[in-house]
Protein chains: 4
Amino acid sequence: MKHYFPNMGQIKYAGPNTDNQLAYRFYDPDKIVLGKTMAEHLRIAVCYWHTFCANGADPFGAATRNFSWQHDTPLKAAEQKLDAAFEFFIKLNVPFFTFHDRDLAPEGDNFAASVDNLKHMVDLTQNKIETTGIKLLWGTANCFSHPRYMAGAATNPDPEIFAYAAAQVKYAMEATKTLSGENYLIWGGREGYETLLNTNLKQELAQLERFLNLVVEHKHKIGFKGTLLLEPKPCEPTKHQYDFDCANVYAFLQKTGLEKEFKINIEANHATLAKHSFEHEIVYAITNDIFGSVDINRGDPQLGWDTDQFPNSVEEISCIIYNILQHDGFTTGGFNFDAKLRRQSVDLEDLFYAHIGGIDVLAKSLLVAADMLAENHLQDLVTNRYKNWQDKLGHEILTGHHSLDSLTDEIVTQAIEPTPVSGHQELYENIVNQYLWKDKN
Amino acid sequence: MKHYFPNMGQIKYAGPNTDNQLAYRFYDPDKIVLGKTMAEHLRIAVCYWHTFCANGADPFGAATRNFSWQHDTPLKAAEQKLDAAFEFFIKLNVPFFTFHDRDLAPEGDNFAASVDNLKHMVDLTQNKIETTGIKLLWGTANCFSHPRYMAGAATNPDPEIFAYAAAQVKYAMEATKTLSGENYLIWGGREGYETLLNTNLKQELAQLERFLNLVVEHKHKIGFKGTLLLEPKPCEPTKHQYDFDCANVYAFLQKTGLEKEFKINIEANHATLAKHSFEHEIVYAITNDIFGSVDINRGDPQLGWDTDQFPNSVEEISCIIYNILQHDGFTTGGFNFDAKLRRQSVDLEDLFYAHIGGIDVLAKSLLVAADMLAENHLQDLVTNRYKNWQDKLGHEILTGHHSLDSLTDEIVTQAIEPTPVSGHQELYENIVNQYLWKDKN
Amino acid sequence: MKHYFPNMGQIKYAGPNTDNQLAYRFYDPDKIVLGKTMAEHLRIAVCYWHTFCANGADPFGAATRNFSWQHDTPLKAAEQKLDAAFEFFIKLNVPFFTFHDRDLAPEGDNFAASVDNLKHMVDLTQNKIETTGIKLLWGTANCFSHPRYMAGAATNPDPEIFAYAAAQVKYAMEATKTLSGENYLIWGGREGYETLLNTNLKQELAQLERFLNLVVEHKHKIGFKGTLLLEPKPCEPTKHQYDFDCANVYAFLQKTGLEKEFKINIEANHATLAKHSFEHEIVYAITNDIFGSVDINRGDPQLGWDTDQFPNSVEEISCIIYNILQHDGFTTGGFNFDAKLRRQSVDLEDLFYAHIGGIDVLAKSLLVAADMLAENHLQDLVTNRYKNWQDKLGHEILTGHHSLDSLTDEIVTQAIEPTPVSGHQELYENIVNQYLWKDKN
Amino acid sequence: MKHYFPNMGQIKYAGPNTDNQLAYRFYDPDKIVLGKTMAEHLRIAVCYWHTFCANGADPFGAATRNFSWQHDTPLKAAEQKLDAAFEFFIKLNVPFFTFHDRDLAPEGDNFAASVDNLKHMVDLTQNKIETTGIKLLWGTANCFSHPRYMAGAATNPDPEIFAYAAAQVKYAMEATKTLSGENYLIWGGREGYETLLNTNLKQELAQLERFLNLVVEHKHKIGFKGTLLLEPKPCEPTKHQYDFDCANVYAFLQKTGLEKEFKINIEANHATLAKHSFEHEIVYAITNDIFGSVDINRGDPQLGWDTDQFPNSVEEISCIIYNILQHDGFTTGGFNFDAKLRRQSVDLEDLFYAHIGGIDVLAKSLLVAADMLAENHLQDLVTNRYKNWQDKLGHEILTGHHSLDSLTDEIVTQAIEPTPVSGHQELYENIVNQYLWKDKN
């Protein structure tokens, strides 16, 4: 078999102080942390689209990369891409990958041809999975790139386009099941509007509701056991996307009675585009029991679009993992690198540098978070802050034993004039830094 | 009785081409538009806080205004402010006003004293209402300015502060009922967090849920017939407010089973701070049947805080009113000017200029929107855009007669390859401009 | 000759109340306004790239348009595009157009072939200009789309790429001279950085300085009489562009002694991406005598990238034109529609709707601005606001007759305690609305 | 003498792994790093306004703090504040402080009284400085808080207000000289506009030019040897401030011929509000030789106002210090904590936690930056990236030996078609992380 990364060997753990830029400083997959291996905690996936399909084109410029698996006719190129991808997964030593149907197999001349292409590539992929042990974290259907979807897939003004998307999703779901995917994901990249002037919002949301129900029904019909995931994004490509943020998705799921059928896939850069911190979206989802999986990347705080950069902040990710670990970690989800090389990173090595850097950020952050959790210092402070809610008055309030009238009686008869208590934000922040920067992790 | 605006007369309608800056160019309250008077459509309210309490102070500077009703000892000043307010309402010829409890009556030395102050001022206000016919659009409680609420009211780590807020809200609700308020509003100005590090989100949301239930229970207990309103804002003063936008509120209401008990009060500047267009939040609320009322103002597109400027764009507000009219207009809600003078506008006349300008923007926008609605040009285009959903396939899909499998059959057996259709956004925008700029409205 | 817009006739002025969506409501090119024709005031240009080259592709989706002049082999397609473009200019009745070298003629297999392509197309274009009377507002070189420029053209780490760009600019400048262009423009689309980590800012700015000097020297050498223009943009495609905003450009021009050689081309959407109002950049440039030309479009206030939408706000553009008219209008500059169809606008008609709407916004805004200027109401208020600077103290200060000591003497000896005066912002805003919405313009 | 922090002892260095929250983990003032002590590198200053004057009030709420030196009548309170401040400086062991005139001494009933207050407090402060060895990094005049300055100080429409500000600045400069301040700073908090409609930009900038000249003239007249600093901020309190960012300031300084007289004081949160990274503004100023000093703090990426939080990111600050060290560090400048407690941090201890945390971030970042600089790994990569500019072609270009024509000859005769080279951004980022997270710093 041809090698697509002939100069690259297996990436191995070499410890924090190595000078080797093609080794892990922190990711040591079998190292036990809080009772599980690093690999089990992080459940790292490489994505197909950015890593193997993207070519560096942007709205102001042409492709800058032309890797050796990208030259051939579409289906041949797809076969070569598959070989390249699994060579990469193995050399990087990651347990999972993710794909859109159109990443794996090219669109054909018509629907039937596209289905044939997909089936062919799914067969080959199944074989790869069996021989390597690398697993599918999730599959999804690309119902946003083709011009037919320019005004949405499920929310299109044309029911034939809804039907076309439905058929495409059917095969993508079945491919995911065939490949033992642990989740199936929906990102509504064009489910939104460009202008309210030409949009019937009520109609479009009714269509979306029906579409999600079709997906749920099909899941149960075919016996797919994985989790269904929805991925919020506020905008881009559309001016407004219906799945703006976790709360928008949650409101919609509840209204349509689907809140038990879907979890959320949270992407860091989508959170910040929605004017939330990444941490906020994680905690919101956990609190509302809709947390599913994570697309790990970062945006640029000065730029207003999805830059999908590789994560590089241990300071930020430590708090993310700290929150996830408090919730007992992932079940079917994981950390998927929905991250792409900068346009100027045109070398094969850059694919390795980027993933190694991102994986080490996750690994180091896991170590910091585990430390914070083990000592419980922060959690004790928080518990103490709310301790009065365990007392009589707090307990009575939360258990429904009070009315506005009875609480007014409490205030008036006992002449209560409460004194505010320091929130100590700077102290909490210092404690996080204490864990980040102590001498040994 | 002392006059607080001695040099100002009654503001009257004088037509579009008047040079009089103290007259209405478009607001002609009794003019009939689409079967109702302008006054009935717009239900304009002046707010108490910005208009009579604010003094021009900002985080970088001291008060610039010191109007004649702001000099005296707190309770005396409150009485004078009431006289000034009603003189202003009458001269401006607006039908409604709004207030926080602490705008109307000062906080006393302790809770009981505050209650006494409020009762005294409610009595005086009730008399004003009876003699003038000016009505209360909504009342609310200020549970965010006093230091005791620095870490929230309902979501405070201290249950005594929850109880204090409960007692305060009880009296504010009862004052609103006494004054025949058409709505009672809750804005959770400090219900949020400064940092997730010191915050137990699940605990705080449980508290908020209980608090809102107390309000609902009390409403029914005292027989208040008005609408309960929640007002979203993404941040400011807190780093994150739980009622971030309409969707966040709607998700929370559904989770707690309260979605029938509350409507939303949408503020223009809050919408844009949440990275939505004002129009989006209006349409979202209408579509989900949670639209209640509007705080009308505008932000500055380059500034990241709530500037609460008076609205001045007929282009923007025409589309807002167009959407509201399509939904049959306000029921108990209205347009409340939650808008404040710029810090440098220190003259009494500036209060008039600002409100006259804002009211005329609403009135002119109503005329434009009514025109658009009367001719139905835009609505016909939209209906036509979705017309295929009335046909067989569309109807079958929406009525649940299809599965992913059956839709795939449709696509495959009929070899459907749909052609995308122009969205014509620029044409729709031109049509709006056609209505805005035609010679006569 | 083949017709590319066979169903479209000449677009004519039909007055504000026409229902014809393919007519001008306000643009009446020969109408005299303040002593000049509308056409002379507005100097409208259609751009080549968005209007004839773009195909609706975006980072999440493929091309949605495939107009009939876009099918053939590159050079044939370029010839057809030229025919289509001039047919469009004529039917729209606009006096100017603009282009990048690569819009007009395709890149060849090597530099010499690219030069040949350009020369061929320049010859054909020259003939079109002579036979139609349509003129070139400005030409420019695209030194940002080809992968060779991925790390900048003038600011590239490789001097050969600098040289390549220099050679490309030479031919683009000469083409502009041949076609009697009134300006030559430079937009530094990749002159910036993606990360400071790999960037030697001092080195790159020295390169940019030398490059701009080469351009100035060549201009004088070949006797090009037009204006050199620089176009600021804060970011996109790069993370940071050196020509961030007018002030960044002006600082650089002064440092390098080039402030007399270049004027600024201000784009509306670039201004807002730089966190300025469009109006701010216009007024800044005028005040500093570096105002040159305008790329007219609009962004979306909720989106963080260059949406390049057609302008549709008379409210906004009236103030822009008011400022430009106060400065005696354009000299060699004009309003260039650097605006593109939305991706879903796939019909030939959409090209017309979009330009007609944008042109009418300019025309109506010109009428409003002329009205404001004719009556001088606003300007008188502003003059009055600063009138004390005409008095003794103000005059002495500005003419250098005071020191901190002498001014302190004034304050102390005369016990001056100045009283602040109202800024009347709301009144000014009302006056603008008075002009916008009066019955006849 | 009364103690204002009776329960707090001297803050000492205790090493990275201490559990003591009232000790330094990294700041060890006398430790030698790259040939200088930490204290000499960092030149840390505590600011007077946030730390001793602020009370936790915000636009939505009243003061939450009332420290013991804030109770008395204004001048008495100022004396107590001075004692508290120096007790704090000593306990924290910082070498510098900064102030506005109105922080140190209250405004009196008239100008003369204000001068008397200032003189009285300067005398007391001079004594403190002499007895403690703590030094003044810079002084400044508050010409933005008093209502008289609501429309600007130097740029006010009223020349008497200009004169008033001039007199105030005279005394503030002289106080700074008396107290051996190492710099004198100007922040134009209200030098800008709220709306262009009522603003004569040309007039206001002429006033500002004259004002800055007065300051320069006075500096030389009184023989003040320190550096004059200007501090950019894009907005807040005004809608637009003239000193928007470093480039705006630099353009203005050059236009007025003052570019040798002023350096820039860069504030982290002001940089990010101007849509720059903090690092960008540092590098821009260094590159243009206008770097002076730093106001160290941080903003919140989701909030659009100046939150002035204490810095807590070693990841960010390491790169800042790395850039400053490459430029040989501060001369008269330093790191001034223009940072304030969160409103809920109401305890005296919070003042210590906040400053300790911020100082440790600077100290740890200094260690990381010194490491990066010592090994020169990053700098070597950058030098290598531009190495071709040392060769013949590059050298000829930069030394002015080429024209567009001669460069075209090079391209054509040698058939140059350059190949783009990887920018390796991810690798550079990994290397920074290598230094941040290696086992020992």
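Residues numbered from 1 in each chain as written. Chains lettered and ligands numbered in written order. Predicted model: local features only at pLDDT ≥ 70, side-chain atom pairs only at ≥ 80, totals over all residues. Heavy atoms only, no water.

### With respect to the confidence of the model for chain A
Here is step 1: Put simply, chain A has an average pLDDT of 97, and 100% of its residues get 70 or more.
Here is step 2: Reported for the predicted complex are a pTM of 0.98 and an ipTM of 0.97. (pLDDT = per-residue confidence, 0-100.)

### Some remarks on the relation of the copies chain B and chain C
One copy of the chain maps onto the other through a rotation about an axis followed by a shift along the same axis.
Here is step 1: With an RMSD of 0.0 Å, the operation that places chain B on chain C is a rotation of 180 degrees combined with a shift of 0.0 Å along the axis. Here the symmetry operator amounts to a two-fold rotation axis.
Here is step 2: Taken together, the interface assignments show that 100% of the residues at the interface of chain B recur at the interface of chain C, consistent with an identical surface on both copies. (Least-squares fit on C-alpha atoms with pLDDT ≥ 70 in both. Contact = heavy atoms within 4.5 Å.)

### Description of the interface of chain B and chain A
Here is step 1: Contacts between chain B and chain A engage 94 residues on the former and 94 residues on the latter.
Here is step 2: Carbon and sulfur atoms supply 66% of the area buried between chain B and chain A, which totals about 8,500 Å² over both sides.
Here is step 3: The interface formed by chain B and chain A includes 6 salt bridges.
Here is step 4: Salt-bridge contacts for Glu417 of chain A lead to Arg148 of chain B; the nearest nitrogen and oxygen are separated by 3.9 Å.
Here is step 5: When residues of the side of chain B that touches chain A are traced back to their parent elements, those giving at least two are helix H6 (159-178), helix H7 (201-222), helix H8 (246-255), helix H10 (278-287), helix H13 (377-385), helix H14 (392-398), helix H15 (404-413) and helix H16 (425-437) of chain B.
Here is step 6: Of the residues in the side of chain B that touches chain A, the class split is 50 nonpolar, 25 polar and 19 charged. (Buried area = accessible area lost by both parts, 1.4 Å probe. Salt bridge = Lys/Arg side-chain N within 4 Å of Asp/Glu carboxyl O. Helix = DSSP H or I, 4+ residues; strand = E, 2+ residues; numbered from the N terminus. Nonpolar A, V, L, I, M, F, W, Y, C, P; charged D, E, K, R; others polar.)

### Topic: helix H8 (residues 246-255) of chain C
Spacing of three or four residues puts side chains on the same side of an α-helix, whose turn is 3.6 residues.
Here is step 1: Summarising burial for H8 of chain C: 9 of the 10 residues are buried, a large majority.
Here is step 2: Elements that come into contact with the buried residues of H8 of chain C comprise helix H7 (201-222), strand S8 (227-230), strand S10 (262-267) and helix H10 (278-287) of chain C together with helix H8 (246-255) and helix H10 (278-287) of chain D.
Here is step 3: Phi turns positive, to about 70 degrees, at Gly257 of chain C, one or two residues after H8 of chain C. (Buried < 20%, exposed > 50% of the residue type's maximum accessible area, 1.4 Å probe, protein only.)

### Thoughts on the interface of chain B and chain C
Here is step 1: Contact residues are listed per partner, giving 50 residues for chain B and 50 residues for chain C.
Here is step 2: Of the roughly 4,200 Å² buried where chain B meets chain C, counting both sides, 46% is carbon and sulfur surface.
Here is step 3: Sorting the residues of chain B by area buried against chain C places Gln302, Glu426 and Trp437 of chain B first, and these three jointly supply 18% of that buried surface.
Here is step 4: Where chain B packs against chain C, one counts 2 salt bridges.
Here is step 5: Where Arg298 of chain C meets Glu429 of chain B, a salt bridge forms, and the shortest distance between an N and an O atom there is 3.1 Å.
Here is step 6: Taken together, chain B and chain C are joined by 33 residue pairs in polar contact (both at pLDDT 80 or more).
Here is step 7: Of all elements in the fold, only helix H11 (314-326), helix H12 (348-375), H13 and H16 of chain B reach the threshold of two or more residues within the side of chain B that touches chain C.
Here is step 8: With 10 residues, H16 of chain B is the largest single contributor of residues to the side of chain B that touches chain C.
Here is step 9: For the side of chain B that touches chain C, the per-class residue count stands at 13 nonpolar, 21 polar and 16 charged. (Polar contact = N/O pair within 3.5 Å; in protein donor to acceptor, adjacent residues only side chain to side chain.)

### Looking at the pattern of salt bridges
Close approach of charged atoms allows side chains of opposite charge to pair.
Here is step 1: For the structure shown, the criterion picks out 80 salt bridges over all chains.
Here is step 2: Where Asp300 of chain A meets Lys239 of chain C, a salt bridge forms, and the shortest distance between an N and an O atom there is 3.0 Å. With Asp300 of chain A in the loop between strand S11 (291-295) and helix H11 (314-326) and Lys239 of chain C in the loop between S8 and strand S9 (240-241), the pair connects residues from two separate chains.
Here is step 3: Glu107 of chain C is the partner of Arg102 of chain C in a salt bridge, and the nearest nitrogen-oxygen pair spans 2.8 Å.
Here is step 4: Three or more residues are tied together by salt bridges with common partners; here these are Asp101, Arg102, Glu107 and Arg148 of chain A together with Glu417 of chain B.

### A short note on the packing of aromatic side chains
Here is step 1: Applying the stated criterion across every chain, the model contains 110 aromatic pairs over all chains.
Here is step 2: Centroid distance Phe5 of chain C to Trp69 of chain C: 5.4 Å. Interplanar angle 50 degrees. Geometry classified as tilted. You can see Phe5 of chain C sitting in the segment before strand S1 (32-33) and its partner Trp69 of chain C sitting in the loop between helix H2 (48-53) and helix H3 (74-92), a full 64 residues away along the chain. For the residue pair Phe5 of chain C and Trp69 of chain C, the accessibility class agrees, reading buried in each case.
Here is step 3: Chaining the aromatic ring pairs together yields one cluster made of Tyr4, Phe5, Tyr48, Phe52, Phe67, Trp69, Phe86, Phe88, Phe89, Phe97, Phe99 and Phe352 of chain A. (Phe/Tyr/Trp six-rings, centres within 6.5 Å; stacked < 30°, edge-to-face > 60°.)

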